[in-house]
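Breakdown of the fold
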2 protein chains.
Amino acid sequence: MKIVVIGAGNVATHLAAALYNKGFNICQVFSRTEESAISLAKKVNAGYTTCLSDVNKSADIYLYSISDSILPDLVSEIRIPDAIHIHTSGSTAMDIFRGNAVNFGVLYPLQTFSKAREVNFSVIPLFIEANNEYTYRKLEALALSLSSDVYEMSSERRKKLHLSAVFACNFVNHMYEIGSELVQDAGVDFDILQPLIKETYDKIKTMTPREAQTGPAIRNDRNIIETHMKLLNGKRNLAKIYELISNDIYSIHKKQ
Amino acid sequence: MKIVVIGAGNVATHLAAALYNKGFNICQVFSRTEESAISLAKKVNAGYTTCLSDVNKSADIYLYSISDSILPDLVSEIRIPDAIHIHTSGSTAMDIFRGNAVNFGVLYPLQTFSKAREVNFSVIPLFIEANNEYTYRKLEALALSLSSDVYEMSSERRKKLHLSAVFACNFVNHMYEIGSELVQDAGVDFDILQPLIKETYDKIKTMTPREAQTGPAIRNDRNIIETHMKLLNGKRNLAKIYELISNDIYSIHKKQ
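As a starting point, this report considers the structure included with it. (Residues numbered from 1 in each chain as written. Chains lettered and ligands numbered in written order. Predicted model: local features only at pLDDT ≥ 70, side-chain atom pairs only at ≥ 80, totals over all residues. Heavy atoms only, no water.)

Topic: the side chain of Ser 155 of chain B
In this structure, Ser 155 of chain B sits in helix α5 (residues 155-185). Leaving out residues up to four positions away in the same chain, Ser 155 of chain B has contacts with Ala 93, Met 94 and Glu 129 of chain B. (Helix = DSSP H or I, 4+ residues; strand = E, 2+ residues; numbered from the N terminus. Contact = heavy atoms within 4.5 Å.)

Focus: the packing of helix α5 (residues 155-185) of chain A against helix α9 (residues 238-253) of chain B
It is the contact of α5 of chain A with α9 of chain B, at a shortest axis distance of 11 Å, that shows an interaxial angle of 55°. With respect to their mutual orientation, α5 of chain A and α9 of chain B come out oblique. The chirality of how α5 of chain A crosses α9 of chain B is left-handed. In contact with Leu 163, Val 166, Phe 167, Asn 170, Phe 171, His 174, Met 175, Glu 177, Ile 178 and Glu 181 of chain A of α5 of chain A, α9 of chain B contributes Leu 238, Ile 241, Tyr 242, Ile 245, Ser 246, Asp 248, Ile 249 and Ile 252 of chain B. Of the residues in the contact of α5 of chain A with α9 of chain B, the class split is 12 nonpolar, three polar and three charged. (Axes fitted to C-alpha atoms, helices over the stretch in contact; angles between N-to-C directions. Parallel < 35°, antiparallel > 145°, perpendicular 65-115°, else oblique. Left-handed = near helix turned anticlockwise from the far one by under 90°. Nonpolar A, V, L, I, M, F, W, Y, C, P; charged D, E, K, R; others polar.)

Topic: empty space enclosed by the protein
A complete count under the given rule lists one cavity of 30 Å³ or more for this structure. Computed from the structure, the largest cavity encloses a volume of approximately 30 Å³. Looking at the largest cavity, the residues that line it are Thr 112, Cys 169, Asn 170 and Asn 173 of chain A together with Thr 200, Lys 203, Ala 212, Gln 213 and Thr 214 of chain B. For the lining of the largest cavity, the element with the highest residue contribution is α5 of chain A, accounting for three residues. Looking at the lining of the largest cavity residue by residue, the classes come out as two nonpolar, six polar and one charged. (1 Å grid on protein atoms, 1.4 Å probe; cavity = no way out; pocket = protein on both sides within 12 Å on 5 of 7 lines; lining within 4 Å. Points joined across faces, edges and corners; volume = space filled by probe spheres on them.)

Focus on α5 of chain B
All names here are of chain B. The end-to-end C-alpha separation of α5 is 44 Å, in line with the 45 Å expected for 31 residues at 1.5 Å each. In α5, a bend of some 35° at Val 166 exceeds every other bend along the element. Most of α5 is tucked away: 26 of the 31 residues are buried. Directly beyond the C-terminal end of α5, a positive phi value near 75° is found at Gly 187. (Expected span 1.5 Å × (residues − 1). Bend = angle between axes of the 7 residues up to and from the residue. Buried < 20%, exposed > 50% of the residue type's maximum accessible area, 1.4 Å probe, protein only.)

Some words on the pattern of salt bridges
Summed over all chains, the structure comprises 34 salt bridges over all chains. Across the pair Arg 117 of chain B and Glu 199 of chain A runs a salt bridge, and its minimum N-O distance is 2.6 Å. Of this pair, Arg 117 of chain B sits in the loop between β6 (103-109) and β7 (126-130) while Glu 199 of chain A sits in helix α6 (residues 194-206), placing the two residues on different chains. Residue Glu 243 of chain A is joined to Lys 240 of chain A by a salt bridge in which the shortest nitrogen-to-oxygen separation is 3.4 Å. (Salt bridge = Lys/Arg side-chain N within 4 Å of Asp/Glu carboxyl O.)

Notes on the relation of the copies chain B and chain A
Least-squares fitting of chain B to chain A yields an RMSD of 0.0 Å, with the transformation described by 0.0 Å of translation along the axis and a rotation of 180°. Expressed as an axis order, the relation between the two copies is that of a two-fold axis. Across chain B, the smallest distance between a C-alpha and the rotation axis is recorded for Val 172 of chain B, namely 2.5 Å. A shared interface surface links the copies, since 100% of the contact residues of chain B are contact residues in chain A too. (Least-squares fit on C-alpha atoms with pLDDT ≥ 70 in both.)

Examining the packing of α5 of chain A against helix α8 (residues 222-232) of chain B
In helix packing, the relevant descriptors are the interaxial angle and the interaxial distance, both defined with respect to the helix axes. In contact at an axis separation of 10 Å, α5 of chain A and α8 of chain B are set at 95° when each is read in the N-to-C sense. Between α5 of chain A and α8 of chain B, the angle falls in the class roughly perpendicular. Side by side, α5 of chain A and α8 of chain B meet where Lys 159, Lys 160, His 162, Leu 163, Val 166 and Phe 167 of chain A of the first sit next to Ile 224, Thr 227, His 228, Leu 231 and Leu 232 of chain B of the second. Across the contact of α5 of chain A with α8 of chain B, the residue classes break down as six nonpolar, three polar and two charged.

If you want it as structure tokens, here you go:
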């Protein structure tokens, strides 16, 4: 089974490497960014191209791991009707392939990937969907070779799952980022926050986030909240972000 | 050395228990909430009162671990000039004691405390400040008996440190909370997010949060962002929170 990987970003890199390590034949990597294409191609012992017309036409699976904003264009330009077409996006519907392919589906890995960081694919939950039984069986086999956590999920539910992941991952990470900026104002290193960050993370393994909440917002401690908002004045929109999140925390806790 | 603990909330409970375990004599717990006062008093083998006029006048240290909004009133009502007065707030200045006490200071533990959860006090960074050398030495000795990470920090810097902790802990936890609400809309259990949450946390042990960021906001993927904001419509202010955080992520990354 030959696979062409469309894209060479974070997800494409990790997914292609995981497939390669499980013995799949990645025959080509396509990316507009030559440096990324070369780097991933080397990693998975594949050819590469930066030119859409040179995409290998004889593969069995085309795996699209690219930005959602360019996915529709690429899908309609590649159009190889006999093959299976799979994208890995959390929020783009499977139907994006309809009219461009006969057998298609989605393989969404619920994880944050950075090129510089190794991940253990075998513990990543994978959410799959296909437009027919034949494609589903192929996709399921492929997914199960990568991870033991494979679930069927519709495009509609996957979109909601992806949204929850944006809060639980991207926005959590951005709160770390803002914390790291502000801790420098206090003249201390980000590392000083690590025991606090660890405990915040550890808590929700045994408590719900609602039970775990502490701090000025849950108490609606106006003195502190106003002191903090003053400190944030002039720092992008951080005062507004602080206010909205604090109000949201208080709004769900005062009802209890 | 006899200590009166003012307050019986999360911080008071953990701090009093840690002091008691290190052999300090907690002679009394004061809290307006009788149930909390009794529970903590029992834990640290102390007396208790819910009545301000019955607060023991002969202790060496008065330790205030109460909401910042009621701290000023209690400080001015208790007024025992011979003793050392310490509060544990991140954002209230040490000077709140001025005029009410001769020897005073602050002991701020940088951690999130929930009564139901054990913590290892010995790895918690403690930030101390005192109005004179005598008090500083006493406070430092007390702090060092609890933790090996003890730092002197002014009220001004402590306020900024506390603000960074609100983002890195309280707001991170609230992003977990929102994630847990939204994942239910997708018909899956919060636990499905645990590998993602773990990796998000693990990443920043070796990468900066800025390097670790992924997701639609950093790519300014408008299709996804608008899809997600539609899903959030009618859910408190979550669409606005999503928009502000996404814009903030993009604003710091597009400059790079």
